[in-house]
Amino acid sequence: MENKNIIFSNQAWSELGRYLHNADFRTVAVVKDFNLTELFWDELKEYIPRKIKIIEVDGVNLKKIGANHCFSVECVIGFGGGTNIDQAKMIALESKCSLVIVPTKPTAAIASRVASIETLEGRATIETPEARAVFIKKGILIPEELLVSECGDMLSSWSAIPDAVLAHIRGKENAKMELLMGAYKRGERIFEIENVCEEESIELLYSLSLEIGIIGDKYGSTRPSSGTEHKISHAIDEVLKNKKRKLHGEQVSFGVLCSLYLQEEHDLLHKHLKQFGFSKIKPSDFKVYLGKIGLPRSFEELGVRGPEVISTLARARIVRPEPRYTIIDELTNDRVIEILKDNVYF
């Protein structure tokens, strides 16, 4: 929050207008969701200097594989949540223009230079230009379900870090333990949140999202917060692509629960986690916390049923185009199903 390029205040949007005026931009693209952010857009655009030509871009359409990210603009504003921000990052990359981020909810995408993009080969992470500035307005009325989902997404380090350590043990990659510990400490703080709608909880979520994003940049990838849990979430997206799905963070937090059960009996992994200073959390205790703040605890609650469960777990192994070693690479499909069926199916 102390970064000079990050404004976090009640007057943040007014500060945005001043920034755009001083930068003397003539044409600006604004990536927004024509449903979710429309409520705030009428207010935000009043702060954009009238001399600036605004090109409104639908982040949902831009998310489609093969969408054009090249625009004749001097600046792009990522307005909304992680999807819109990631699409704005891609515009900044391909259009070689300035990037400004104006989030309407906490998300690690705020401070990270990495964009998570869907490709023909699967989900990929791409390094993009650093944002010139971030403007976070206090007091926005964020729907409770979005806050709960973001809380769930930030729990990802509880399974991603053990996956990174496992990959280190197996010689698949060199884990940066100091940065992993930093992400772990931030993940611990999520458990302080009991009511996501309280002002203190929202400010904590914003603070942690910024810190986690910065850690990811220093690490050089999303590894500190992306492992098996994100593979499972992306697999659910593909298996249920023609159905209404839960929010990303809801799926991710459930993926963490699955991962914890899969990692639970891996003695070598937990020996090394203890050696590096990471404590162990019981899957049953984690499951209780998910229920406490309203996050799903079973495939059934996510709307994944019958053969879809099998398809999801199989797809999770290959959903990323680039390899990222995790606990599911240590287990057969049958063993994964055996472990999970009594704990998270229903």
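Quick summary incoming for the structure in this document. As the structure is a prediction and not an experimental result, all values here were calculated from the model.

Helix and strand counts for the chain come out as 15 helices and eight strands. For 346 residues, the compact-globule estimate of 2.2 N^0.38 gives 20 Å, and the chain sits close to it at 20 Å. In terms of its C-alpha atoms, the chain occupies a principal-axis envelope of roughly 60 × 35 × 35 Å. Looking at the chain alone, contacts between residues at least 24 apart form 77% of all its contacts between residues at least 6 apart. Carbon and sulfur atoms form 48% of the exposed surface of the chain, whose accessible area is close to 15,800 Å². Treating the 46 positive side-chain charges of the chain as one cloud and the 50 negative ones as another, the clouds have centres 3 Å apart.

A word on helix α10 (residues 248–263). For α10, built from 16 residues, the straight-helix expectation of 22 Å at 1.5 Å per residue is met to within 8% by its first-to-last C-alpha distance of 22 Å. The element α10 is largely enclosed, with a buried count of 15 among its 16 residues.

Scanning the model with the defined rule gives 23 salt bridges in all. Put simply, Glu 74 and Arg 26 hold a salt bridge, and the shortest N to O gap is 3.2 Å. Taken as a pair, Glu 74 in the loop between α3 (59–62) and β4 (75–80) and Arg 26 in the loop between α1 (12–23) and β2 (27–32) lie far apart in primary sequence, 48 residues in all. Linking Lys 32 and Glu 56 is a salt bridge whose minimum nitrogen-to-oxygen distance equals 3.3 Å. One end of the pair, Lys 32, is in strand β2; the other, Glu 56, is in strand β3 (residues 53–58), and 24 residues separate them in sequence. Linked through salt bridges whose partners overlap, the residues forming this network are Glu 265, Arg 335 and Glu 338.

What follows concerns the packing of aromatic side chains. Counted by the stated rule, this structure contains 12 aromatic pairs. An angle of 75° between the planes, with centres 6.0 Å apart, marks the rings of Trp 13 and Phe 79 as edge-to-face. Separated by 66 residues along the polypeptide, Trp 13 in helix α1 and Phe 79 in strand β4 bring together distant segments of the chain. Relative to Phe 286, the ring of Phe 191 lies with its centre 6.3 Å away and its plane at 80°, an arrangement referred to as edge-to-face. Here Phe 191, found in the loop between α7 (177–189) and α8 (199–219), pairs with Phe 286, found in helix α12 (residues 283–293); they are 95 residues apart in sequence, far enough to count as distant. Judged by its relative accessible area of 25%, Phe 191 is partly exposed. By relative accessible area, which is 0% here, Phe 286 ends up buried. Linked through ring pairs, Trp 158, Tyr 184, Phe 191, Phe 278, Phe 286 and Tyr 289 together constitute an aromatic cluster. Positioned above the aromatic ring of Trp 13 is the side chain of Lys 137, whose terminal nitrogen or guanidinium carbon lies 4.7 Å from the ring centre. If you follow Lys 176 out to its NZ or CZ, it ends over the ring of Tyr 219, 5.1 Å from the centre.

Next up on the list: the sheet that holds β2. Each strand in a sheet pairs with its neighbour through backbone hydrogen bonds, running either in the same direction (parallel) or in the opposite one (antiparallel). Read from one edge of the open sheet, six strands run β1-β8-β5-β4-β2-β3, paired in parallel fashion. Two strands lie at the open edges of the sheet, namely β1 (6–9) and β3, each paired on one side alone. This sheet shows a mean twist of 20° between the axes of neighbouring strands, independent of strand direction. Where strand β5 (residues 98–103) meets strand β8 (residues 133–137), two bridges bridge the pair, whose relative direction is parallel. Bridged to Val 100 within β8 is Ala 133.

For the rest of this paragraph, the subject is unusual backbone geometry. In the Ramachandran plot, Asp 24 falls in the positive-phi region, its phi being about 60° despite a non-glycine side chain. Mapping Asp 24 onto the fold places it in the loop between α1 and β2. A positive phi is found at Lys 96, a non-glycine position, where the angle reads about 55°. Within the fold, Lys 96 resides in the loop between α4 (82–95) and β5.

The subject of this paragraph is the pairing of β4. Burial analysis of β4 places six of its six residues in the buried class, which makes it a mostly covered element. Judged from the four bridges that link them, β2 and β4 form a sheet pairing that is parallel. Among the inter-strand pairings, Val 28 is bridged to a residue of β4, identified as Cys 75. Two strands pair when backbone bridges link them, and β4 and β5 are joined in this way by six bridges, in the parallel orientation. From the neighbouring strand, Gly 78 faces β5, where its bridge partner is Ile 101. Between β4 and its parallel partner β5, the chain crosses via α4, and the hand of that crossover is right-handed.

Along the polypeptide, His 266 turns up in the loop between α10 and α11 (267–275). On the accessibility criterion, His 266 (14% relative accessible area) is buried. In this structure, His 266 is in contact with Leu 166, Arg 170, Ile 327 and Glu 330, ignoring residues within four places of it in sequence.

Right, let's talk about the packing of α10 against helix α15 (residues 333–341) for a bit. Packing of α10 against α15 brings their axes to within 10 Å, and their N-to-C directions diverge by 110°. Between α10 and α15, the crossing angle belongs to the class labelled roughly perpendicular. Residues Cys 258, Tyr 261 and Leu 262 of α10 lie in contact with α15, whose contacting residues are Val 336, Ile 339 and Leu 340. When its residues are assigned to classes, the contact of α10 with α15 shows six nonpolar, no polar and no charged.

Cut-offs used in this document
Residues numbered from 1 in each chain as written. Predicted model: local features only at pLDDT ≥ 70, side-chain atom pairs only at ≥ 80, totals over all residues. Heavy atoms only, no water. Helix = DSSP H or I, 4+ residues; strand = E, 2+ residues; numbered from the N terminus. Rg over C-alpha atoms; globule rule 2.2 N^0.38 Å. Contact = heavy atoms within 4.5 Å. Areas by Shrake-Rupley, 256 points an atom, 1.4 Å probe, with all protein chains shown as cover. Lys, Arg positive; Asp, Glu negative; His and termini not counted. Charge placed at Lys NZ, Arg CZ, Asp CG, Glu CD. Expected span 1.5 Å × (residues − 1). Buried < 20%, exposed > 50% of the residue type's maximum accessible area, 1.4 Å probe, protein only. Salt bridge = Lys/Arg side-chain N within 4 Å of Asp/Glu carboxyl O. Phe/Tyr/Trp six-rings, centres within 6.5 Å; stacked < 30°, edge-to-face > 60°. Lys NZ or Arg CZ within 6 Å of the ring centre and 35° of its normal. Pairing = 2+ DSSP bridges. Axes fitted to C-alpha atoms, helices over the stretch in contact; angles between N-to-C directions. Right-handed = clockwise from strand over helix to strand, strands pointing away. Parallel < 35°, antiparallel > 145°, perpendicular 65-115°, else oblique. Nonpolar A, V, L, I, M, F, W, Y, C, P; charged D, E, K, R; others polar.

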